[in-house]
Amino acid sequence: MPEPTAAAPAVPKARSCPFLPPDGIADVRAAAPVTRATFTSGHEAWLVTGYEEVRALLRDPSFSVQVPHALHTQDGVVTQKPGRGSLLWQDEPEHTSDRKLLAREFTVRRMQALRPNIQRIVDEHLDAIEAGGGPVDLVKTFANPVPSMVISDLFGVPVERRAEFQEIAEAMMRVDQDAAATEAAGMRLGGLLYQLVQERRAEPGDDLISALITTEDPDGVVDDMFLMNAAGTLLIAAHDTTACMIGLGAALLLDRPDQLALLREDPSLVGNAVEELLRYLTIGQFGGERVATRDVELGGVRIAKGEQVVAHVLAADFDPAFVQEPERFDITRRPAPHLAFGFGAHQCIGQQLARIELQIVFETLFRRFPTLRLAKPVEELRFRTDMVFYGVHELPVTW
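Scope of this entry: the structure provided in the associated data block. (Residues numbered from 1 in each chain as written. Predicted model: local features only at pLDDT ≥ 70, side-chain atom pairs only at ≥ 80, totals over all residues. Heavy atoms only, no water.)

1. Notes on the nonpolar core
And step 1. Formed by 90 residues in total, the largest nonpolar core has its most connected members in Phe 142, Phe 155 and Phe 362.
And step 2. Counting residues per element, this core draws most heavily on helix α11 (residues 224–255), at 17 residues.
And step 3. Excluding anything up to four places from it in sequence, Phe 142 contacts Val 122, His 125, Leu 126, Ile 129, Pro 147, Ile 246, Val 361 and Leu 365.
And step 4. Counting 20 residues, the second-largest nonpolar core is a separate cluster that includes Val 34, Val 48, Leu 339 and Phe 343. (Core = buried A, V, L, I, M, F, W, Y, C linked by side-chain atoms within 4.5 Å. Buried < 20%, exposed > 50% of the residue type's maximum accessible area, 1.4 Å probe, protein only. Helix = DSSP H or I, 4+ residues; strand = E, 2+ residues; numbered from the N terminus. Contact = heavy atoms within 4.5 Å.)

2. Brief notes about the pattern of salt bridges
And step 1. By the definition in use, this model includes 24 salt bridges.
And step 2. With its nearest N and O atoms 2.5 Å apart, the salt bridge here joins Arg 161 to Glu 199. Placement of the pair is Arg 161 in the loop between α7 (145–155) and α8 (162–172) and Glu 199 in helix α9 (residues 179–202), with a sequence separation of 38 residues.
And step 3. Looking at Glu 199, the relative accessible area reads 26%, which means it is partly exposed.
And step 4. Two residues, Arg 328 and Glu 325, come together in a salt bridge whose shortest N-O distance is 3.5 Å.
And step 5. Residue Arg 328 is classed as partly exposed on the basis of its relative accessible area of 34%. (Salt bridge = Lys/Arg side-chain N within 4 Å of Asp/Glu carboxyl O.)

3. Points about the packing of aromatic side chains
And step 1. Here the structure, examined in full by the defined rule, presents seven aromatic pairs.
And step 2. Relative to Tyr 390, the ring of Phe 383 has its centre 5.9 Å away and its plane inclined at 15°; by these criteria the two rings are stacked.
And step 3. Residue classification places Tyr 390 among the buried residues on the basis of a relative accessible area of 2%.
And step 4. Above the face of the Tyr 390 ring, Arg 15 is positioned so that its terminal group lies 3.7 Å from the ring centre.
And step 5. Over the ring of Phe 318 we find Arg 279, and its NZ or CZ is 5.1 Å from the ring centre. (Phe/Tyr/Trp six-rings, centres within 6.5 Å; stacked < 30°, edge-to-face > 60°. Lys NZ or Arg CZ within 6 Å of the ring centre and 35° of its normal.)

4. Focus on the packing of α11 against helix α15 (residues 351–368)
A pair of packed helices is characterised by two quantities: the angle between their axes and the separation of those axes.
And step 1. The geometry of α11 relative to α15 is characterised by a closest axis approach of 11 Å and an angle of 40° between their N-to-C directions. Taken together, the axes of α11 and α15 lie oblique to each other. Helix-helix and strand crossings are classified by hand; for α11 and α15 the assignment is right-handed. Contact residues: Thr 242, Met 245, Ile 246, Gly 249, Ala 250, Leu 253 and Leu 254 in α11; Ala 354, Glu 357, Leu 358, Val 361, Phe 362, Leu 365 and Phe 366 in α15.
And step 2. When grouped by side-chain class, the residues that make up the contact of α11 with α15 number eleven nonpolar, two polar and one charged. (Axes fitted to C-alpha atoms, helices over the stretch in contact; angles between N-to-C directions. Parallel < 35°, antiparallel > 145°, perpendicular 65-115°, else oblique. Left-handed = near helix turned anticlockwise from the far one by under 90°. Nonpolar A, V, L, I, M, F, W, Y, C, P; charged D, E, K, R; others polar.)

5. Here's the deal with α9
And step 1. For α9, built from 24 residues, the straight-helix expectation of 34 Å at 1.5 Å per residue is met to within 8% by its first-to-last C-alpha distance of 35 Å.
And step 2. When we look at burial in α9, the residues that qualify are Ala 179, Thr 182, Ala 185, Leu 189, Leu 192, Leu 193, Leu 196, Val 197 and Arg 200.
And step 3. Of the surrounding elements, those touching the buried residues of α9 are α7, α8, α10 (208–213) and α11. (Expected span 1.5 Å × (residues − 1).)

6. Section: the sheet that holds strand β10 (residues 396–398)
And step 1. Within the open sheet, the three strands sit side by side as β4-β10-β9. Their pairing is antiparallel. What marks the edges here is a single partner per strand, and that holds for β4 (136–137) and β9 (373–374).
And step 2. Pairing analysis gives two bridges linking β4 to β10, with the strands arranged antiparallel. Paired with Val 136 across the bridge in β10 is Val 397. (Pairing = 2+ DSSP bridges.)

7. So, the sheet that holds strand β1 (residues 34–38)
And step 1. Overall, mixed pairing links the five strands, which are arranged β1-β2-β8-β5-β3 in an open sheet. One side of each edge strand has no neighbouring strand; the edge strands of this open sheet are β1 and β3 (63–64).
And step 2. Taken together, the four bridges between strand β5 (residues 288–292) and strand β8 (residues 308–311) define a ladder with antiparallel strand orientation. Within β8, the position partnered with Arg 290 by the bridge is Val 309.
And step 3. Set on the sheet, helix α2 (residues 51–59) makes contact with β1, β2 (44–48), β3, β5 and β8; between it and β8 the angle comes to about 125°.

8. Quick look at the environment of Ile 246
And step 1. For Ile 246, the position within the fold is in helix α11.
And step 2. C-alpha separation for the pair Ile 246 and Lys 100, spaced 146 residues apart in sequence, amounts to 29 Å.
And step 3. Residue contacts for Ile 246: discarding those within four places in its chain leaves Phe 142, Ala 143, Pro 147, Leu 358, Val 361 and Phe 362.

9. Examining the pairing of β2
Each regular strand shows side chains that alternate between the opposite faces of the sheet.
And step 1. The buried count for β2 comes to four of five residues, which makes it a mostly enclosed element.
And step 2. Inspection of the sheet shows β1 paired to β2 by five bridges, in the antiparallel sense. In the strand pairing of β2, Thr 35 is matched with Leu 47.
And step 3. Counting the residues in the hairpin turn of β1 and β2 gives five residues, including Gly 42, whose phi is positive at 95°.

10. With respect to the side chain of Glu 363
And step 1. Tracing the backbone through its elements, the reader meets Glu 363 in helix α15.
And step 2. Among the polar contacts listed, one links the side chain of Glu 363 to the side chain of Arg 367, at a separation of 2.8 Å.
And step 3. Those residues in contact with Glu 363, other than ones at most four positions away along the chain, are Pro 267 and Val 270. (Polar contact = N/O pair within 3.5 Å; in protein donor to acceptor, adjacent residues only side chain to side chain.)

Set out below in structure tokens:
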């Protein structure tokens with residue numbers, strides 16, 4: 001009788017420094033950039049941590065996004081269902097077709113045209129913070145509402161419903177709850193989006209949903225479900241990711257006064273600073289999940305059809321084979337092709353909007369508040385280890 005196989009080691013999650021990858025993940029990458037590991041759900045799967053191996057995985061159509069298990073949740077239940085317009089959970093050929101329809105609205109030129117409105121939103125929130133005086137929670141007063149307002153303006157979400165969208169977004173991003181709670185939040189979102197789509201069909205406006213309703217659609221795929229899936233995916237993802245980057249990025253800069261001083265002295269560094277923040281913080285802390293649709297080799301390792309694979313993009317962005325001295329945060333570093341927005345067919349469609357928001361946010365925040373500082377030590381901050389995207393739950397600051 002054969003000996004029972006020992007369980008694969010658990011994926012490292014604990015962080016001794018909240019701004020660096022989990023302790024031990026560098027050792028895993030150095031030992032084997034493609035290896036077996038046990039995930040939060042209790043399932044074993046392949047863990048990919050090397051930069052080149054992650055890129056190879058994310059661009060290989062042999063791997064599907066329609067996975068059988070949600071490895072980073074307690075119960076392992078997959079709550080997302082693939083559908084036209086959902087992008088994140090679509091494979092070819094529907095993914096390419098639907099992405100082309102949506103990409104028309106996310107060109108660099110169109111995103112650049114949003115700069116004045118984003119600047120206005122940022123200025124108005126900072127005016128309110130200044131008028132109220134410190135200390136304040138920068139997450140509650142700035143990091144969360146700014147991207148929420150930007151993306152809500154883009155989709156034409158009425159002002160009175162934006163707080164509910166923000167609440168639903170946070171509920172759907174939790175990984176420490178059961179599938180029923182996530183599905184309940186999804187049902188609430190579906191109801192709100194259905195109402196919004198019907199309103200735009202009856203009375204089109206200057207927003208993305210109205211543009212999609214009137215777009216050229218020879219295959220007839222832009223129905224109500226397409227619009228709801230697309231709007232839901234982009235509203236949730238665009239809000240939560242940018243909010244996390246604003247809060248966590250501000251915390252890191254305030255914790256690294258030498259780097260913040262460089263940005264204050266030379267605001268033209270903001271583009272570089274944003275790229276280094278994206279690489280260094282890579283907030284998709286659990287990585288992208290895939291499943292092999294055929295037997296395939298990745299990084300010299302054979303992966304069998306039906307086996308799940310996780311692309312640990314945070315570990316990849318700290319691979320010394322990709323960037324020298326990866327643990328050194330340096331806003332003067334020459335921007336490198338990091339994986340914070342993913343790679344391959346599923347690379348973030350809204351990345352140019354995110355970049356513009358972050359550039360405006362950090363340049364304006366530290367120009368308007370040159371003496372901004374943390375009102376609580378970093379060690380006392382609560383970090384979002386319980387959410388899909390890493391960040392801070394609150395960020396008390398004063399000036």
